[in-house]
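Residue strings, one per chain:
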Amino acid sequence: MSAVQLRHHTPHVVVITLSNPPVNTLSWESRAHLKTAIDRLEDQEVRAVVLTGAAGVFTAGADLVQDQRMSRTELPDFVADFERIVDGLERFRAPVIAAVNGPAVGGGFELALACDIRVASSEASFVAAGVNVRLMANFWRLARIVGLGPAKEILLAGERYGAERAAAWGLVTEVCAPEALMHVALAEAERIATCAPLSVEATKRCVNDALEMSRDEAHRRQVDELSELFLKDDHKEALRAFFAKSVGEYHQH
């Protein structure tokens, strides 16, 4: 059975479930399945993705026992391969929502950070476990999401932080009861899926790069992206619908 399950909730919304019992570790097999799933969705009419874990665990991160089998020469490629998977999730053309239903530890935490939006169950928790095993966690994304102060605490302490603390830092945008989590995440995905996909994809691309651009670069990028969108049929259809609705509302009054 695949360690990653794909399910179409609607034609445009897909749920990816990490399923590698008992704690959904990111084994070599799991990582390969996740990469395959992301690659497969790239060519489909998917407008939003929800990423979650099975059995009340988001993912406990790397399979440390399995990882010990690597030789010194294999290690750089192993680390780079995981980064390619996480980058692929972050750069996936459609928005990805992490429905964090339980522990997100180590590499699992990094998967959640690569998602565009994170919603959490009240039973969720987050651990940047690098220092706990004499390694280090990915500092780049976390600092951009929560700021340097909270990022340093999370990375240097290696503590487990609950959903409410994560929300206070801006790491997650909503905390809900465990039984409501998928409803909340799917409602967000469905809302995004109703928006014009070209507009959503352009917005995601720009926001992903925003902190790396100067003011002038951002201005040029916005001019370029908006100019492209103005010429698309999506924009013209949206204007026709807007004007038709406005005229209808005017006549009702």
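Named according to an unreviewed UniProt entry, the chain is Enoyl-CoA hydratase originating from Micromonospora inositola. UniProt's Sequence similarities (unreviewed entry) comment on the chain is quoted here verbatim: "Belongs to the enoyl-CoA hydratase/isomerase family."

Undergrad: Please give an account of the sheet that holds strand 2 (residues 13–18) that cites residues and values.
TA: Taken in spatial order, the six strands of this open sheet run 1-2-3-4-6-9, and their pairing is mixed. Taken across any chain shown, the strands that pair with only one partner, and hence form the sheet edges, are strand 1 (4–10) and strand 9 (174–176). Averaged over all pairs of adjacent strands, the angle between their axes in this sheet comes to 20°, without regard to strand direction. Sheet topology note: the strand 1/strand 2 ladder contains six bridges and is antiparallel. Opposite Gln 5, over in strand 2, you have Thr 17 as the bridge partner. Sheet contacts for helix 8 (residues 181–193): strand 1, strand 2, strand 3 (48–53), strand 4 (96–100), strand 6 (117–121) and strand 9; angle to strand 4, the most-contacted strand, approximately 175°.

Undergrad: Hey, could you go over the pattern of salt bridges for me, with residue numbers and the actual values?
TA: Think of it this way: side chains of opposite charge can pair up when their charged atoms draw near. Summed over the entire model, instances satisfying the criterion amount to 14 salt bridges. Arg 84 is paired through a salt bridge with Asp 81; the nearest N and O atoms lie 3.8 Å apart. One end of the pair, Arg 84, and the other, Asp 81, are both in helix 3 (residues 75–91), three residues apart, so they sit about a helical turn from each other. Residues Arg 221 and Glu 225 are paired through a salt bridge, measuring 3.4 Å at the closest nitrogen-oxygen approach. Of this pair, Arg 221 and Glu 225 both sit in helix 10 (residues 215–230), four residues apart, which is roughly one turn of the helix. Within this structure, Arg 91, Arg 205, Asp 209, Arg 221 and Glu 225 form a network of salt bridges that share partners.

Calculation criteria
- Residues numbered from 1 in each chain as written.
- Predicted model: local features only at pLDDT ≥ 70, side-chain atom pairs only at ≥ 80, totals over all residues.
- Heavy atoms only, no water.
- UniProt positions renumbered as here; feature names shortened; annotations may be inferred.
- Pairing = 2+ DSSP bridges.
- Helix = DSSP H or I, 4+ residues; strand = E, 2+ residues; numbered from the N terminus.
- Axes fitted to C-alpha atoms, helices over the stretch in contact; angles between N-to-C directions.
- Contact = heavy atoms within 4.5 Å.
- Salt bridge = Lys/Arg side-chain N within 4 Å of Asp/Glu carboxyl O.

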